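One-letter residues, chain by chain:
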Amino acid sequence: DGKNVGTTPLLTKLLAGTHKIEILKEGFKTHIQDIVIEHNKELSLNKSLVKQAAAKVAAASDYGIEMVYVKGGTFQMGNNDWRDTDYDERKDHSVTLDDFYIGKYEVTQEQWRAVMGSNPSHIKGDNLPVENVSWDDVQEFIKKLNSITGKTYRLPTEAEWEYAARGGNKRKGYKYSGSNKVEDVAWFDGNSGSKTHSVGTKKPNELGIYDMSGNVYEWCQDWYDDSYSSSPQKNPQGPSSGTFRVLRGGSWRYNASYCRSANRDFNYSNSRDGKVGFRLVLCP
């Protein structure tokens, strides 16, 4: 009847008449039932609750790292438009991905410092994206974060990154992540004032993800290869070895062309640069 009377197993006295019984437990569907208690009679009620399906919502945050759920699907990765493409984007090909969670924002300096105890960035500010971190540095950050939280964070694969940047299964075919107007969604050399900006200050893309175009380049998990296979792929992980790691998204220092969702770049895994940061993926 709307009052918390304890936990099961429970023996209680009720007045004769009709009562509403509600049995609830976190992670399970609540059971509600009307019962009739007769005068000087006993009634026994046994009920097994049904486990509730996991909600498709942003995953719980750690150190304020917010995640966005990306429903898996199939998309054309790469770009065959010879008027506006680089050679390593060609051979657009079909890629199918499972569901995943990806960072709503680039990892900030405040979040990096909370885990690592230091801030390597050139341009300082708590809500600015952390930069001047190598791919190797990011692996150390992830190792510590996973140890602290008991979760499994990692860098996105290049395919996951591009799928999320394009808007996943809500994509509208934009050139940049969330718009055909780069000024709406990106900090690049035409509007940045030669510096990074606080995450989330431009418009998000179709999935509610910010700064996948511009602000800082973002490390991906994959080794870099200068050509795609034209064959359809399922959850591709990139080459098994290589010289460089993949970078995506463009930056505050480069022109709009580098902010295209299909654009690719690369660097050595131990290289640090004030134009380069990252965002995370959370494994289910």
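Structure: see above.
The shown structure was predicted, so the numbers you read here are calculated from the model rather than taken from an experiment.

1. Considerations on the sheet that holds strand 11 (residues 264–267)
Sheet architecture is open: four strands sit in the order 11-10-8-12, paired in mixed fashion. Each of the sheet's edge strands pairs with one partner strand only, and the pair in question is strand 11 and strand 12 (276–277). Here strand 10 (residues 245–248) pairs with strand 11 via four bridges, running antiparallel. What sits directly across from Arg-245, in strand 11, is Asn-267. Contacts from helix 2 (residues 135–149) reach strand 8 (217–223) and strand 10 within the one sheet, and its direction differs from that of strand 8 by about 85°.

2. Here we look at the nonpolar core
Looking at soluble globular proteins, one finds that nonpolar side chains tend to be buried together. Ranked by internal contacts, the top residues of the largest apolar core, which has 23 residues, are Phe-141, Trp-219, Phe-278 and Leu-280. Elements that contribute at least two residues to this core include exactly strand 3 (67–70), helix 1 (109–116), helix 2 and strand 8. Looking at this core element by element, the count peaks at five residues for helix 2. The residues touching Leu-280, leaving out its near neighbours within four places in the chain, are Ile-65, Met-67, Tyr-101, Ile-102, Gly-103, Val-107, Phe-141, Ile-142, Leu-145, Tyr-153 and Arg-154. Counting 21 residues, the second largest nonpolar core, distinct from the first, contains Val-70, Ala-159, Leu-207 and Ile-209.

3. Here we look at the pairing of strand 3
The two faces of strand 3 match: Met-67 and Tyr-69 on one face and Val-68 and Val-70 on the other face are all buried. Strand direction decides the pairing type here: strand 3 and strand 6 (residues 100–103), joined by four bridges, are antiparallel. Paired with Val-68 across the two strands is Ile-102, which belongs to strand 6.

Calculation rules
Residues numbered from 1 in each chain as written. Predicted model: local features only at pLDDT ≥ 70, side-chain atom pairs only at ≥ 80, totals over all residues. Heavy atoms only, no water. Pairing = 2+ DSSP bridges. Helix = DSSP H or I, 4+ residues; strand = E, 2+ residues; numbered from the N terminus. Contact = heavy atoms within 4.5 Å. Axes fitted to C-alpha atoms, helices over the stretch in contact; angles between N-to-C directions. Core = buried A, V, L, I, M, F, W, Y, C linked by side-chain atoms within 4.5 Å. Buried < 20%, exposed > 50% of the residue type's maximum accessible area, 1.4 Å probe, protein only.

By themselves, these are just geometric observations and shouldn't be taken as functional.
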